[in-house]
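Coordinates in review
This is what each chain is made of:
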Amino acid sequence: MNASKNTPPETLDAVVIGAGFAGLYALHRLRGLGLNVHGFEAGTGVGGTWYWNRYPGARTDSASEVYQFWFSDELLRDWNWSERFPAQEETERYLNFVADRLKLRPLISFSNKVTAARWNEAAKAWDITTDKGESVRSRYLLSCLGPLSEPKVPPFKGHEKFKGTFLHTSRWPKGGIDLAGKRVGVIGTGATGVQVIQTIASQVGELYVFQRTPTYAIAMRNPKLTDADRTALRARYGELGERVKFSLTGFAFDMQPKPWAQTTKEERRAVFEQLYADGSLIMWGGNFGEVLVDQAANDELSEFMREKMRARLTKPGAAEKLVPKYGFGTRRPPLDIGYLEAFNRDNVHIVDLLESPIECCTETGIKTGNAEYPLDIIILATGFDAATGAICAIDIRGRDGVELRKLWDRDITTAMGLQKHGFPNFFTSAAPLAPAAAFCNVPTCLQQQVEWISDCIAYVERNGKDKVIEATQAFEDKWVKHHDDVTGATLIAKVDSWWTGANIEGKPRRVLSYIHVGNYRKHCEDVASKGYEGFEIR
Ligand code: NAP
């Protein structure tokens, strides 16, 4: 132990799991409290999502001016975004810049995956172990694993027999893969599939897109930023940083101020056109609020989106397959750069899995019910076990040895997504029943959660005799009920997607994310202002 400079001392005040947006900020904040804090990261570098997801075409769907840390004038001053929606490489570079500026690297053990954490009541601390045999004791444990880090790899029969390359998008090798002229199959058409397909269509020989549910696509507008653009945006950082905090989705825009019922169809169409022309998620998070809860309103907007999509498709029969039937915005709508146009190419083929599902992989490709597709490379863009998957990959046992994954196997509940009753001093970010789990421009929500958690820890350090805090069962139950009331009123609750946990077989069904970033923040602030009401401090 303690051999390398990044090896943690065996007894710590706080352990942070993950070195993405939340993890880096948590290390910075907790060190600022004077705590002895250490981070563990499975990857070889910082970046989290932006370290792991290096597949072709990976980029943010959030504009760069709201996809950054707000707390440091120096970081805001010295980082220059090159385009409106930065690519993976740039976002990863940004997080490396942050880690270096804040001198966080020495606090992190890389290539070190936390495998187990057990609450030790006698020590009033967590005993934490990693796959590299590290073993530390820490008073506080923070999960900063991100909402989408545990890949979903469907158990396709016979995949081990496939002789070509078979990989999940979130495990793309650093050196890349030679796709030139290859026969490639992409399974999945969510936000990831969209980016992969549109990017590789012109590089590969033949591209087979195995689609189950078609996706909406909003044509992205992604201008390069000039010095003048950056200066103008910087002048607005103060205002934007405030706007994201109380919006519906954590972006610097909010829903339409005028109620749906007080507008004519023509007025609404003009609004849709204006939002669509922006080429951003304002089409979703800045639309009429009614489209999230009212079927007729949603139908009207969905039809508008379908029209936009049909107009981009030229091959006979393509629109029938590629244009969704479910309601716009009830699943996460991706931005795209030429996704639909990729299907106008002669080398791109759509394989409709609703007509004939995948039966198995063979040595040479994929077999569906009615055809065989010879392939050199199979790319799984099949998504993630969101919000719970990465946390449950760790054997976390709370008071009396209770296993978190067993609880969540039955019912996914939390206290504001920040704690779970029975797990003292264990804090979660991007966990279920908070907007950071899905319904948010994620950096906005992660920063808010890290600030709440670190303020809470400071409070417990000052006021707790044993320095222990735990959500009460009554508070957790109250939050779950409130969460279900809010989310159950939306159309999202009625649709199968990762947002409802429906993409993972056997996962208990619940809208994973709380809906309304600003309201969530107010709830969190209210709890804190009342001395962490609903939490027992001892
Ligand atoms: P996803 O939205 O869950 O999409 C997974 C895709 O794989 C779906 O089309 C799904 O079909 C398909 N699939 C899953 N299992 C399958 C199976 N056994 N057979 C056939 N098809 C299968 O995952 P994702 O695309 O990785 O995106 C997840 C989230 O990550 C996004 O919603 C977004 O929040 C985030 N993301 C963001 C960006 C960005 O900001 N630019 C980029 C990528 C991802 P079904 O729908 O029928 O299940």
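Computed from a predicted structure; not experimentally measured.

Describing the overall build of the protein
- Counting secondary structure elements, the protein contains 16 helices and 20 strands.
- Compactness check: the protein gives a C-alpha radius of gyration of 23 Å against a globular reference of 24 Å for 538 residues, within 12% of the reference.
- Referenced to the eigenvectors of the C-alpha coordinate spread, the extents of the protein come out at roughly 70 × 60 × 50 Å.
- Going through the 538 residues of the protein one by one, you find that 58% of them count as buried.
- Intrachain contacts of the protein at a sequence separation of at least 6 include 72% that bridge at least 24 residues.
- Carbon together with sulfur atoms contributes 51% to the accessible area of the protein, which is approximately 21,000 Å² in total.
- Both charge centroids of the protein, one from 67 positive and one from 67 negative side chains, sit 2 Å from each other.

Here we look at the state of the cysteines
- Enumeration according to the criterion identifies one disulfide in this entry.
- One disulfide in the model links C440 with C445; its S-S distance is 2.0 Å. Here C440 and C445 share a disulfide; its torsion about the S-S bond, 95°, makes the bridge right-handed. Assigned by exposure class, C440 and C445 land together as buried.

Thoughts on the sheet that holds strand β12 (residues 348–352)
- Here we have five strands laid out as an open sheet, ordered β7-β16-β8-β9-β12, and parallel in their pairing. Sheet topology places β7 (165–168) and β12 at the edges, where each strand pairs with a single neighbour. Averaged over all pairs of adjacent strands, the angle between strand axes in this sheet comes to 20°, irrespective of strand direction.
- As defined by bridge partners, β7 adjoins strand β16 (residues 377–380) across four bridges and the pair is classed as parallel. When the bridges of β16 are listed, L167 appears paired with I379.
- Docked against the sheet, helix α5 (residues 191–200) engages β8 (183–187), β9 (206–211) and β16, running at close to 160° with respect to β8.

Here we look at the site of the ligand
- What surrounds the ligand is a group of 25 residues, the closest being R59, T192, R212, T213 and R331.
- Contact distances for the ligand include 3.1 Å between an oxygen atom and a backbone N or O atom of A191.
- Contacts to the ligand include Q195, whose side-chain N or O atom sits 3.0 Å from a nitrogen atom.
- Summarising the interface, the protein chains cover 86% of the accessible area of the ligand, which totals 910 Å² for the free molecule.
- At three residues, α5 tops the list of elements feeding residues into the shell around the ligand.
- Taken together, the residues of the shell around the ligand break down into ten nonpolar, nine polar and six charged.

Some points on unusual backbone geometry
- Although it is not a glycine, S111 sits at a positive phi angle of roughly 50°.
- Within the secondary structure, S111 is located in the loop between β3 (108–109) and β4 (114–120).
- Relative accessible area serves as the criterion here: at 28%, S111 is assigned to the partly exposed category.
- For L433, which is not a glycine, the phi torsion comes out positive at approximately 75°.

Quick look at the side chain of R312
- Tracing the sequence through the fold places R312 in the loop between α9 (295–310) and α10 (318–322).
- For R312, the side chain forms a polar contact with the side chain of E341, separated by 2.8 Å.
- Apart from residues lying up to four places away in sequence, R312 is in contact with A217, A219, Y276, D336, G338, Y339, L340, E341 and N344.

Regarding the sheet that holds strand β15 (residues 372–374)
- Within the open sheet, the three strands sit side by side as β13-β14-β15. Their pairing is antiparallel. Edge positions in the open sheet fall to β13 (358–361) and β15, since each of these has one partner strand only. Put simply, the sheet's adjacent strands are angled 20° from each other on average, direction ignored.
- Here β13 pairs with strand β14 (residues 365–368) via three bridges, running antiparallel.

About the cut-offs
Residues numbered from 1 in each chain as written. Predicted model: local features only at pLDDT ≥ 70, side-chain atom pairs only at ≥ 80, totals over all residues. Heavy atoms only, no water. Helix = DSSP H or I, 4+ residues; strand = E, 2+ residues; numbered from the N terminus. Rg over C-alpha atoms; globule rule 2.2 N^0.38 Å. Buried < 20%, exposed > 50% of the residue type's maximum accessible area, 1.4 Å probe, protein only. Contact = heavy atoms within 4.5 Å. Areas by Shrake-Rupley, 256 points an atom, 1.4 Å probe, with all protein chains shown as cover. Lys, Arg positive; Asp, Glu negative; His and termini not counted. Charge placed at Lys NZ, Arg CZ, Asp CG, Glu CD. Disulfide = S-S within 2.5 Å. Pairing = 2+ DSSP bridges. Axes fitted to C-alpha atoms, helices over the stretch in contact; angles between N-to-C directions. Near = heavy atom within 4 Å. Polar contact = N/O pair within 3.5 Å; in protein donor to acceptor, adjacent residues only side chain to side chain. Nonpolar A, V, L, I, M, F, W, Y, C, P; charged D, E, K, R; others polar.

By themselves, these are just geometric observations and shouldn't be taken as functional.
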